[in-house]
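The chain contents come next:
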Amino acid sequence: MKIQLTDVRDKSRDFRLDGKLVLEGFNDRVGEGEVCAYVHVNPAGERWYIGAEVEGSFSFHCDRCGKAYDDFLDGEFSLVVLSKAVRGLDEDESEDVILLSADKAELDLSAQIRESMLLALPMQFLCQEDCAGLDSQSGADLNEETSVEATVDPRWGPLMDLKEKMELEEDSGSGERQE
């Protein structure tokens, strides 16, 4: 995702950069995404001040239940581009400063766009905020509506029957006292 600096010259310009982006290092937990960067370039002599808002749609795999889902991320970045070295602004000391050689006619913003999307990632990938995950015994998705009996270990059946019987007796006993 590049900007032709010859398009900027002496006045401010806005650019829209669209493209595909892969965020590496997530072991298939994050799929390829579509990103859009709205970039504002403001030239000031031998410097260009750049501000950008980035948004993207990516496919994820839930950390709890493993379900695939799509989510939207948004981020931003700012940058100072220098055409020649300037005292007080050193690209080695700041990630927000880039020194371009005189022969470069374009500025590649791919690294800054990727970084803004990485910073926008949530700490944990969840298909829904209250994802219940998977049942440890059966592996069933606990987010799906199932009956309580289907998720309970069958060995607890006699005890659950006894509990239901006691609750029925309590309800019928308390009802007689109120009448």
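Residues numbered from 1 in each chain as written. Predicted model: local features only at pLDDT ≥ 70, side-chain atom pairs only at ≥ 80, totals over all residues. Heavy atoms only, no water.

A. View of a nonpolar patch on the surface. A contiguous nonpolar surface patch, about 430 Å² in accessible area, is contributed by Trp156, Leu159, Leu162 and Met166. In this fold, Leu159 is placed in helix H3 (residues 157-178). Using a relative accessible area of 47% as the deciding quantity, one classes Leu159 as partly exposed. (Patch = residues over 30% accessible without salt bridge, like charges linked within 9 Å, V, L, I, M, F, W, Y side chains within 5 Å. Areas by Shrake-Rupley, 256 points an atom, 1.4 Å probe, with all protein chains shown as cover. Salt bridge = Lys/Arg side-chain N within 4 Å of Asp/Glu carboxyl O. Helix = DSSP H or I, 4+ residues; strand = E, 2+ residues; numbered from the N terminus. Buried < 20%, exposed > 50% of the residue type's maximum accessible area, 1.4 Å probe, protein only.)

B. Region of interest: unusual backbone geometry. The phi torsion at Asn27 lies on the positive side, around 45°, for a residue other than glycine. Structurally, Asn27 can be placed in the loop between strand S2 (13-21) and strand S3 (33-44). If you check the backbone angles, Asp28 has positive phi at about 65° while not being a glycine.

C. Just the state of the cysteines, in detail. Across all of its chains, the model carries 0 disulfides by this definition. The closest cysteine sulfur to the non-disulfide-bonded Cys127 is located on Cys65, 3.6 Å from its own sulfur. With a relative accessible area of 21%, Cys127 lands in the partly exposed category. (Disulfide = S-S within 2.5 Å.)

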